[in-house]
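# Working through the structure, step by step
Each chain, letter by letter, is given below.
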Amino acid sequence: MNNIRKTIVLVDDNVANLTTGRNMLKTFYQVIPVASADDMFETLKEVIPDLILLDIEMPEMNGYEAIKILKEDEKLKGIPVIFLTAKDDSESELEGLDLGAVDYVTKPFSAPLLLKRIEKELLFVKHKKELLETQTYLKTHLADLEAEVKKEAETILQLHSAVLDTVVDLVEVRDNYTGGHIVRTKGYIKILLDEMQDKGIYVDETSEWDISSILAAAKLHDVGKIAVSDAILGKPGKLTEDEYETMKTHVTAGVDAIERIIKKTGEDSFYNHAIRMTGTHHEKWNGTGYPIGLRGNNIPLEGRLMAIADVYDALISARHYKPAISHADACKIIEEGSGTHFDPALIEVFKSVQDKFEHIAATEK
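Heads up: these notes are all about the structure in this document. Think of each chain on its own: its residues are numbered from 1, step by step along the sequence as written. Local features in a predicted model are, by the rule used here, given only for residues with pLDDT of at least 70; side-chain atom pairs are given and counted only at 80 or more, and totals for whole chains, interfaces and linings are based on all residues. Note that water and hydrogens are dropped before the side-chain values are worked out from all heavy atoms of the structure.

## Side note on unusual backbone geometry
With an omega of 5 degrees, the peptide bond between K107 and P108 qualifies as cis. In this description a helix means any DSSP run of H or I spanning at least four residues, a strand means any run of E spanning at least two, and both kinds are numbered starting from the N terminus. Structurally, P108 can be placed in the loop between β5 (103-106) and α5 (111-174). Between Y290 and the following residue, P291, the backbone shows a cis peptide bond with an omega angle of 15 degrees. Secondary-structure assignment places P291 in the loop between α12 (269-280) and α13 (301-316). One non-glycine residue, E60, adopts positive backbone phi at about 70 degrees. Positionally, E60 belongs in the loop between β3 (51-55) and α3 (63-72). Only protein chains enter the area calculation, which uses a 1.4 Å probe; residues under 20% of their type maximum are buried, those over 50% are exposed, and those in between are partly exposed. Residue E60 is classed as exposed on the basis of its relative accessible area of 76%.

In C-alpha cells:
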C-alpha cells in the first residue's frame, strides 16, 4: 500500500454499508462517507478525492445519474469512479462502464477484494500521472533542444553569410565595381519573385523554393570572376575576341567552385540554386547565350531571373569600359529583348516593377 493516505469518498444511502465500508478502508485511506449523491456533490465543492465509491441504487439521484453529472464537469470528470451495487448481471455492469466507471464491485463487500480493486485503480492513476508528467517533460526538453538547435543553426547561418559576403566583396573589388552590384541584383531578384507570386507566374516552380536561399545564391552569380585575370577584369577599353572568351569562362569557373563546396559540405538546396544561377545567367531565351546555348524554358528559372537583374544593373551602372545609361533607356533595352534575350513572361513581370528597380538603383550605391 502507498504510505501516503489517499482520499476516498464513499457514497451509499445505507448507513450500515457506509459503516462497513469505512471500517474496511480507514486503515489505508482517508474515507469520507456520504449518504446521497447530493451530499457527494456538496463534499466535492470542498474536497477533490482520489477515488469515489458510488452506490448505484439510491433514492432521488441514482449512481448512473450522478456519474453523468460528474463526467460533464471539467473539474470532476477525472476522478475515477467504482460502482457499488447489489446487482450481479452483465447488463448493469456494462451500463456502468459505458457511463465512465472504472470498475464494478458487488455487495456485500469482500474487504480483500475491495481493497485490491481500489489499489489497482489508484496505481493505474499514479502511472497515468507519471506518464503525463514524463510526456510534459519530454515536450519541454524537446522544445529546449529545438531552440538550442535553432540557435546553433542561426549562428552557422550567420557565419555562412559572413563568408559569402567576404567572397562577394572580393569579387566586387577585383571587378572594379563602383557600387553594390551584387546587393542590387539580389534586391531586383526579390522584387521579381514577389511580383511573380502576386501574379501567379511560375508558381509550380517556385512554390517549393526557400526565398532566403535564392537570395543568398544570387550573391554568388559572379563568383567565377575570381578566376579571371586582373588585366581582363580591369581593362579600360573593349575586350578582344580572345579576352571576351576568357571573360566568359567566369561562368564555368563559378560553377566549378560551387561544386567543390557541395562535395565538401554535402547536398544543399542553396548551393544547387547557386549553381543554376551562376551557370545560366548569361544564357539567352533564343539560344544564343553562353556557356551552353540553352533555349527557352530549358534555361533554369534562377538563371532567367538573374539575366534580367544582371543586365539591368550593368546598363544603369558606369564601368571603366562604358558610361551608365538612364533607367528609362535600360528598361527599353530589356523590354526589346523579350523573346530573344529574356523570358517573355518575366519581362511582363519586370514591366510591372520597373519603378521598384529604379528605387533600388538609386538607394543601393
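## Examining the pattern of salt bridges
Any Lys or Arg side-chain nitrogen located within 4 Å of an Asp or Glu carboxyl oxygen qualifies as a salt bridge. What the rule picks out here adds up to 17 salt bridges. Residue K107 is joined to D12 by a salt bridge in which the shortest nitrogen-to-oxygen separation is 3.0 Å. Of this pair, K107 sits in the loop between β5 and α5 while D12 is found in the loop between β1 (6-11) and α1 (15-25), placing the two residues 95 residues apart along the sequence. Given a relative accessible area of 18%, K107 falls into the buried group. With a shortest N-O distance of 2.7 Å, D194 and K190 are connected by a salt bridge. Highlighted residues: D194 and K190, both in helix α6 (residues 181-199), separated by 4 residues, approximately one helical turn. According to the relative accessible area criterion, D194 is partly exposed, its value standing at 32%. Of the residues examined, K190 reaches a relative accessible area of 33% and is grouped as partly exposed.

## Considerations on the nonpolar core
Residues L305 and Y312 are the most contacted members of the largest nonpolar core, which totals 33 residues. Elements represented by at least two residues in this core include exactly α6, α8 (211-218), α13, α14 (327-336), α15 (344-352) and α16 (354-363). At 9 residues, the largest contribution of residues to this core is made by α13. Residue contacts are defined here by distance: any two heavy atoms, one from each residue, within 4.5 Å place the two residues in contact. Discounting chain neighbours no more than four positions away, the residues touching L305 are I189, L192, L193, M196, W209 and L346. We call a set of buried residues a nonpolar core when its members are Ala, Val, Leu, Ile, Met, Phe, Trp, Tyr or Cys and they connect through side-chain atoms within 4.5 Å of each other. Grouped together as the second largest cluster of nonpolar side chains are 23 residues, V34, F41, M61 and I67 included.

## As for α1
Since the α-helix advances by 3.6 residues per turn, residues separated by three or four positions end up pointing in the same direction. The complete set of buried residues in α1 reads L18, G21, M24 and L25. Axial view of α1: buried residues confined to an arc of 135 degrees, hence all on one face. Within this analysis, the arc is defined by the directions that extend from the helix axis to the C-beta atoms.

## Comments concerning the packing of α13 against α15
Taken N-terminus to C-terminus, the directions of α13 and α15 make an angle of 45 degrees; their axes are 11 Å apart at the nearest point. Considering the angle they form, α13 stands oblique to α15. Where α13 crosses over α15, the two elements pack in a sense that is right-handed. Where α13 approaches α15, its residues L301, R304, L305, I308 and Y312 are matched on the opposing element by L346, I347 and F350. Note on geometry: axes are C-alpha line fits, over the in-contact stretch for helices, and angles between N-to-C directions span 0 to 180 degrees. Our angle categories are set so that under 35 degrees counts as roughly parallel, over 145 as roughly antiparallel, 65 to 115 as roughly perpendicular, and the remainder as oblique. Each crossing is labelled by how the near helix is turned from the far one, with a counterclockwise turn of less than a right angle marking it left-handed and a clockwise turn marking it right-handed.

## Observations regarding the pairing of β3
Summarising burial for β3: 5 of the 5 residues are buried, a large majority. By the alternation rule, side chains of β3 split into L51, L53 and D55 and I52 and L54, which are all buried. Whether a crossover is right-handed comes down to one check: with the strands pointing away from the viewer, does the path from the first strand over the helix to the second run clockwise; if it does, it is right-handed. In terms of handedness, the path from β3 via α3 over to strand β4 (residues 81-85) forms a crossover that is right-handed.

## A closer look at the sheet that holds β5
Note: two strands are recorded as paired if DSSP finds a minimum of 2 bridges between them. With parallel pairing, 5 strands are arranged side by side in an open sheet as β2-β1-β3-β4-β5. The open sheet has two edge strands with one neighbour each: β2 (29-34) and β5. Sheet twist, expressed as the average angle between the axes of neighbouring strands with direction ignored, equals 20 degrees. Looking at chain direction, β3 and β4 are connected through 4 bridges and run parallel. Within β4, the residue paired with L54 across the bridge is F83. Lying on the sheet, α1 is in contact with β1, β2 and β3; it crosses β2 at an angle near 175 degrees.

## Describing the environment of N272
As for its position among the elements, N272 is in helix α12. In this structure N272 comes out as partly exposed when scored by relative accessible area, which is 21%. Once the C-alpha coordinates of N272 and S213 are considered, the two residues, 59 residues apart in sequence, prove to be 9.7 Å apart.

## Observations regarding the side chain of R304
Looking at the element boundaries, R304 is found in helix α13. Taking the relative accessible area as the measure of exposure, R304 reaches 4% and is therefore buried. At 3.1 Å, the side chain of R304 and the side chain of Y202 are in polar contact. For this analysis, a polar contact is any N or O atom pair within 3.5 Å, provided that within protein one partner can donate a hydrogen and the other can accept it, and provided that sequence-adjacent residues contribute only side-chain to side-chain pairs. Polar contacts involving the side chain of R304 include one to the main-chain carbonyl oxygen of I299, which spans 2.7 Å. Not counting residues within four places of it along the chain, the set of residues in contact with R304 comprises Y202, E205, W285, G296, N297, I299, D343 and L346.

That's the geometry; what it means functionally is another story.
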